Amino acid sequence: MNFTYRSLPWNIVFGAGSVSHLPDELHKAGFSRALVLTTPEQRDQGEWLSNLLGDRAVGLFDQARMHVPVDTVHAAWKEARSARADCTVAFGGGSTTGLGKALMLEHDLPNVAVPTSYAGSEMTNIWGTTQDRKKRTGRSDAVVPKLTVYDPELTISLPVAFSAASGLNAMAQAAVNVATNSLNPIVALMAAEAVRALHEGLPSVVKAPDDIHARSLALYGACLAGASLGTGTTGLHHRLCHTLGGTLNTPHAQTHTVLLPHSIAFNAVAAASGTRRLAAALSTDNAAVELYEFAKRLSAPTSLQQIGVEEADLDEAARVATETPVANPEPVSTNRVRWLLDNAYNGRTPEIPPP
Ligand code: NAD
């Protein structure tokens, strides 16, 4: 066996109620003046967190937005400087975490993450910003939060439909790192455990959204899924999600949800042993079909039509997705991607691609 593995500088506090330790944790980390970041939709929760931090909160910036627009980064930095903040606390989903990461990258302003969705961005070294409708992304260990406080109680307010989609977004990050033929044993351990925890936790989250045990399992799964995305690989699946998000502005988590079963079926022959491992983590014989049925059981979207894609967009999406080569177990071509997108558009049961 040959492999290399490099961890990221993670520093995690996990547990129901753990946000109450945030003031002490900031103190231990040497921070005394935090700018709280959140979205307009979570402003009330941001105020609640600022109150919890007391003197340690010096401002609340509630303009975090999807895809981290550069103008938003500038506006947040202005606010941080005028408040003489020595750190940010990113309180929210992947969009808010992304703003905290951009401020670390551009301005060396340390970030503490308090994730409230299952995006998992806080566990990765991947950053992204947008300007003039163009997204720039990269990897840098400098964007990994100095501390992440996971409190499952904060996810109870996540609406049920979005909990399912966000949880399946996490499932995708993990599943592609199990169903691969370039398996890294350490990444695969985290990824398989993420798949198991999400598979067990999400149905209970949907059935009883305030079940703290289910919320804990799902958030634990999301943490490990983010870790596997942060230290593992991506392939055709992520390329397709970014293409649809970038060209058609489809919602991030729901795009992952719809495409995942089809991406797994696409690689099922070329990455046969990895796909069998994924099936085992899902307690099934057919990983792709189980992921498709699982999304249905969670009442999550299973077709691109349901998330606003038009059939007329599929040719262009297939072309853009294959403009540059993508490392993927199964060979990729524009026609084969068009075939996959057609299945996903119509919400068909996922199939192994024709030769
Ligand atoms: P989001 O952060 O855009 O959140 C969606 C909405 O849900 C927002 O209005 C948010 O305020 C709200 N919300 C979040 N948690 C809530 C809660 N507990 N209660 C009530 N409302 C809540 O969506 P997301 O799916 O979490 O993140 C998606 C973004 O994250 C995308 O831009 C994606 O590119 C990025 N992302 C990045 C990485 C990475 O490694 N860099 C990984 C995953 C996702």
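One can find the structure itself at the top, above this paragraph.
Residues numbered from 1 in each chain as written. Predicted model: local features only at pLDDT ≥ 70, side-chain atom pairs only at ≥ 80, totals over all residues. Heavy atoms only, no water.

## Quick word on helix α9 (residues 252–266)
For α9, which comprises 15 residues, the first-to-last C-alpha distance of 21 Å matches the rise-based estimate of 21 Å (1.5 Å per residue) to within 8%. Of all the bends in α9, the largest measures some 40° and sits at L259, one to four residues before the proline P261. With respect to burial, α9 is a largely interior element, 14 of its 15 residues being buried. (Helix = DSSP H or I, 4+ residues; strand = E, 2+ residues; numbered from the N terminus. Expected span 1.5 Å × (residues − 1). Bend = angle between axes of the 7 residues up to and from the residue. Buried < 20%, exposed > 50% of the residue type's maximum accessible area, 1.4 Å probe, protein only.)

## Here we look at the site of the ligand
Taken together, 23 residues sit near the ligand, with T39, Q42, S95, S117 and T124 positioned nearest. Within the backbone of I126, an N or O atom sits 2.9 Å from a nitrogen atom of the ligand. In isolation the ligand exposes 860 Å². Once the protein is present, 85% of that is buried. Of all elements in the fold, only α4 (94–107) and α5 (160–178) reach the threshold of two or more residues within the shell around the ligand. Take the shell around the ligand: its biggest share by element is 3 residues, from α4. In terms of residue class, the shell around the ligand is made up of 6 nonpolar, 14 polar and 3 charged. (Near = heavy atom within 4 Å. Polar contact = N/O pair within 3.5 Å; in protein donor to acceptor, adjacent residues only side chain to side chain. Areas by Shrake-Rupley, 256 points an atom, 1.4 Å probe, with all protein chains shown as cover. Nonpolar A, V, L, I, M, F, W, Y, C, P; charged D, E, K, R; others polar.)

## Remarks on helix α10 (residues 272–281)
Residues of α10 that are buried: G274, T275, L278, A279 and A281. Viewed end-on, α10 has its buried residues packed into an arc of 160°, placing them on one side of the element. Exposed and facing more than 90 degrees away from the buried side of α10 are R276 and A280. Where α10 is buried, its residues meet α5, α6 (185–207), α9 and α11 (287–297). Phi turns positive, to about 55°, at S283, one or two residues after α10. (Arc of directions from axis to C-beta. Contact = heavy atoms within 4.5 Å.)

## Here we look at the pairing of strand β3 (residues 57–61)
Bridging between strand β2 (residues 34–37) and β3 involves 4 bridges; their strand directions are parallel. For A34, the partnering residue across the bridge sits in β3 and is A57. Running through helix α2 (residues 43–53), the crossover from β2 to the neighbouring parallel element β3 is right-handed. (Pairing = 2+ DSSP bridges. Right-handed = clockwise from strand over helix to strand, strands pointing away.)

## Details of the side chain of S166
Among the structural elements, S166 can be located in helix α5. Other than its neighbours up to four places away in sequence, S166 contacts S117, Y118, A119 and A253.

## With respect to the packing of α9 against helix α13 (residues 334–346)
Their axes nearest at 9 Å, the elements α9 and α13 cross at an angle of 135°. Taken together, α9 and α13 sit at an angle that is classed as oblique. Relative to α13, the crossing made by α9 is right-handed. Where α9 abuts α13, its residues V258, L259, H262, S263 and F266 lie against R336, W339, L340, L341, N343 and A344. (Axes fitted to C-alpha atoms, helices over the stretch in contact; angles between N-to-C directions. Parallel < 35°, antiparallel > 145°, perpendicular 65-115°, else oblique. Left-handed = near helix turned anticlockwise from the far one by under 90°.)

## A closer look at the pattern of salt bridges
Counted by the stated rule, this structure contains 14 salt bridges. The salt bridge partner of D62 is R43, with a shortest N-O separation of 3.0 Å. Residue D62 is found in the loop between β3 and α3 (70–82), and its partner R43 is found in helix α2; the two are separated by 19 residues along the sequence. The buried category is assigned to D62, whose relative accessible area is 13%. Exposure remark for R43: the relative accessible area of 30% places this residue in the partly exposed category. The partner of E106 in a salt bridge is R136, and the shortest N-O contact between them spans 3.9 Å. One end of the pair, E106, is in helix α4; the other, R136, is in strand β7 (residues 134–139), and 30 residues separate them in sequence. Relative accessible area serves as the criterion here: at 42%, E106 is assigned to the partly exposed category. (Salt bridge = Lys/Arg side-chain N within 4 Å of Asp/Glu carboxyl O.)

## Re the pairing of strand β6 (residues 126–131)
In the sheet, β6 pairs with β7 via 6 bridges, with the strands oriented antiparallel. If you follow W127 over to β7, its bridge partner there is G138. Counted between consecutive antiparallel strands, the loop separating β6 from β7 contains 2 residues, among which D132 sits at a positive phi close to 50°.

## Some points on the nonpolar core
Ranked by internal contacts, the top residues of the largest apolar core, which has 42 residues, are Y118, M171, V195, I264 and L278. Those elements that provide at least two residues to this core are α5, α6, α7 (212–231), α9, α10 and α11. Not counting residues up to four positions away in its chain, the partners in contact with L278 are A175, V178, A179, V195, I264, A287 and L291. If you look at the next biggest cluster of nonpolar residues, it comprises 20 residues, including L240, F266, L314 and V326. (Core = buried A, V, L, I, M, F, W, Y, C linked by side-chain atoms within 4.5 Å.)

## Regarding unusual backbone geometry
Apart from glycine, the bulk of residues carry a negative phi angle, and the bulk of peptide bonds sit in the trans form. Here H67, not a glycine, exhibits a phi torsion of approximately 70°, which is positive. With respect to the helices and strands, the residue H67 is situated in the loop between β3 and α3. Phi is positive for D108, close to 55°, though the residue is something other than glycine. With respect to the helices and strands, the residue D108 is situated in the loop between α4 and β5 (111–115). According to the relative accessible area criterion, D108 is exposed, its value standing at 67%.

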